[in-house]
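Report on the structure
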Amino acid sequence: MTFLAVDPPGAPYPADPAATDPFFQHLAIPVRDMEAAAARLALLAPTPISRGGPQRLPASTGGVTAYKFRDPDGHPLELIFFPDGPAAARWRDPPGLFLGIDHSAITVTDLDATLAFLTGPLGLAVSERGLNRGPEQARLDGVDDPQVDVIALAPPDPAPHVELLHYRTPVTERRLVVEPADRAATRYLFTAADPRALSRRLRESGRTPRTSADGTAAYCAGPDGHGFLFVRG
């Protein structure tokens, strides 16, 4: 994870943002104990997204307990507790209360296009898929009566994974043109064996990537404008 401070600074985070906005991207931080993590977080007085504190979702949608909030610059974050299963096993050994980064999630409006982008030239694979709804999801997302497709995509090697959030309802028409220095300008960072060759595949798929002169890095916007940066590694 990389934080950037730009001088001169760009535009502030948009006013009155919602989880359904297509520029939404959050980091999910697994915790060992949600009550203790929420108490530690409360000392910093973050701006809440979730209503009524951490929410335990029904077993049919994973049974996790989660809480969404914003940092001082407006970026959304999520604390998440896994009660059991492979995700809980994955985070059993790291020390401390806050255990790492499990995934980064983006809200998308064109689910098929985004899936084609991620599973085609980028080579990610769908690992889980579900439809979340109900009062717990509404309180977690801070929106009324949501129905949201939640799709997890895994990279070839163990690493934080990508999650897509596609809101069937409520539907937003909000769009945002984000410049690189703006606070809402977020991006995924991937390593790629050959960024130049990846750029060619992206171009063949209809995208418009940009590649550094030495071929060690490439950048491409996804179907909803989310940034993807690829560096040789």
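Throughout this document, residue positions are counted from 1 along each chain, in the order its sequence is written. Given that this is a predicted model, residues contribute local features only at a pLDDT of at least 70 and side-chain atom pairs are listed and counted only at 80 or more, while totals for whole chains, interfaces and linings are drawn from all residues. Hydrogens and water molecules were not included; the side-chain quantities draw on all heavy atoms of the structure.

What follows concerns the side chain of lysine 68. In DSSP terms, a helix is any run of H or I states spanning at least four residues, a strand is any run of E spanning at least two, and both are numbered starting from the N terminus. You can see lysine 68 is positioned in strand E4 (residues 65-70). Reaching out from lysine 68, the side chain makes a polar contact with the side chain of aspartate 141 at a distance of 2.8 Å. Here, two residues are considered to be in contact whenever any of their heavy atoms come within 4.5 Å of each other. Leaving out residues up to four positions away in the same chain, lysine 68 has contacts with His26, Pro48, Ile49, Ser50, Leu77, Glu78, Leu140, Asp141, Leu165 and Tyr167. For this analysis, a polar contact is any N or O atom pair within 3.5 Å, provided that within protein one partner can donate a hydrogen and the other can accept it, and provided that sequence-adjacent residues contribute only side-chain to side-chain pairs.

A side chain with one charge may pair with a side chain of the opposite charge, provided their charged atoms come close. What makes a salt bridge here is a side-chain nitrogen of Lys or Arg within 4 Å of a carboxyl oxygen of Asp or Glu, nothing more. By the definition in use, this model includes five salt bridges. The residue aspartate 141 makes a salt bridge to lysine 68 at a minimum N-O spacing of 2.8 Å. Taken as a pair, aspartate 141 in helix H4 (residues 135-141) and lysine 68 in strand E4 lie far apart in primary sequence, 73 residues in all. Assigned by exposure class, aspartate 141 and lysine 68 land together as buried. Where arginine 168 meets aspartate 149, a salt bridge forms, and the shortest distance between an N and an O atom there is 2.9 Å. With arginine 168 in strand E9 (residues 161-169) and aspartate 149 in strand E8 (residues 147-154), this residue pair connects regions lying 19 residues apart in the sequence. Throughout this description, buried means an accessible area under 20% of the type-specific maximum (1.4 Å probe, protein chains only), exposed means over 50%, and partly exposed covers the range between. When its relative accessible area of 43% is taken as the criterion, arginine 168 is described as partly exposed. Take aspartate 149: its relative accessible area is 7%, and that puts it in the buried class.

The omega angle of the peptide bond from aspartate 7 to proline 8 is 5°, so this bond is cis rather than trans. For proline 8, the location among the structural elements is in the segment before strand E1 (25-30). Phi angles above zero are rare outside glycine, and aspartate 16 is one such case at about 50°. Tracing the sequence through the fold places aspartate 16 in the segment before E1. Given the relative accessible area of 72%, aspartate 16 is considered exposed. Not every positive phi belongs to a glycine, and aspartate 145 is a case in point at roughly 50°. Mapping aspartate 145 onto the fold places it in the loop between H4 and E8. A relative accessible area of 66% places aspartate 145 in the exposed class.

The next subject is the sheet that holds strand E10 (residues 187-192). Strand order across the open sheet formed by four strands is E10-E13-E12-E11, with mixed pairing between neighbours. Taken across any chain shown, the strands that pair with only one partner, and hence form the sheet edges, are E10 and strand E11 (210-211). Bridge analysis of E11 against strand E12 (residues 217-221) gives two bridges, and the strand direction is antiparallel. Bridge pairing in E12 places arginine 210 opposite tyrosine 219. Contacting E10, E11, E12 and strand E13 (227-232), helix H5 (residues 195-204) crosses the sheet at an angle of about 145° to E13. Paired strands, as defined in this entry, are two strands with at least two bridges between them according to DSSP. Note on geometry: axes are lines fitted to C-alpha atoms, helical ones only across the stretch in contact, with angles between N-to-C directions running from 0 to 180 degrees.

Relative to the helices and strands, aspartate 224 is located in the loop between E12 and E13. On the basis of relative accessibility, which here comes to 19%, the residue aspartate 224 falls in the buried class. A polar contact of 2.5 Å, which involves the side chain of aspartate 224, links it to the side chain of threonine 109.

Quick look at helix H1 (residues 34-42) now. For the α-helix, the turn length of 3.6 residues means that residues three or four positions removed from each other point alike. Those residues of H1 that fall on the buried side of the exposure criterion are Met34, Ala37 and Leu41. Down the axis of H1, the buried side of the element spans an arc of 65°, and every buried residue falls inside it. What points out from H1, more than 90 degrees from its buried face, is the exposed set Glu35 and Ala42. In this structure aspartate 33 caps H1, since a side-chain oxygen of it lies 3.0 Å from the backbone nitrogen of glutamate 35. Working note: the arc is built from the helix axis to C-beta atom directions.

Moving on: a positive patch on the surface. Like charges are joined within 9 Å and nonpolar side chains (Val, Leu, Ile, Met, Phe, Trp, Tyr) within 5 Å, but only among residues with over 30% relative accessible area and no salt bridge; these make up the patches. In these tables, accessible area is a Shrake-Rupley quantity obtained with a 1.4 Å probe, and a residue counts as shielded only by the protein chains included in the view. We count Lys and Arg on the positive side and Asp and Glu on the negative side, and we leave His and both chain ends out. Taken as the charge centre is NZ of Lys, CZ of Arg, CG of Asp or CD of Glu, depending on the residue. On the surface, Arg196, Arg200, Arg201, Arg203 and Arg232 cluster together into a positively charged patch. Of all the elements, H5 adds the most residues to the positive patch, at four residues. Tracing the backbone shows arginine 232 in strand E13.

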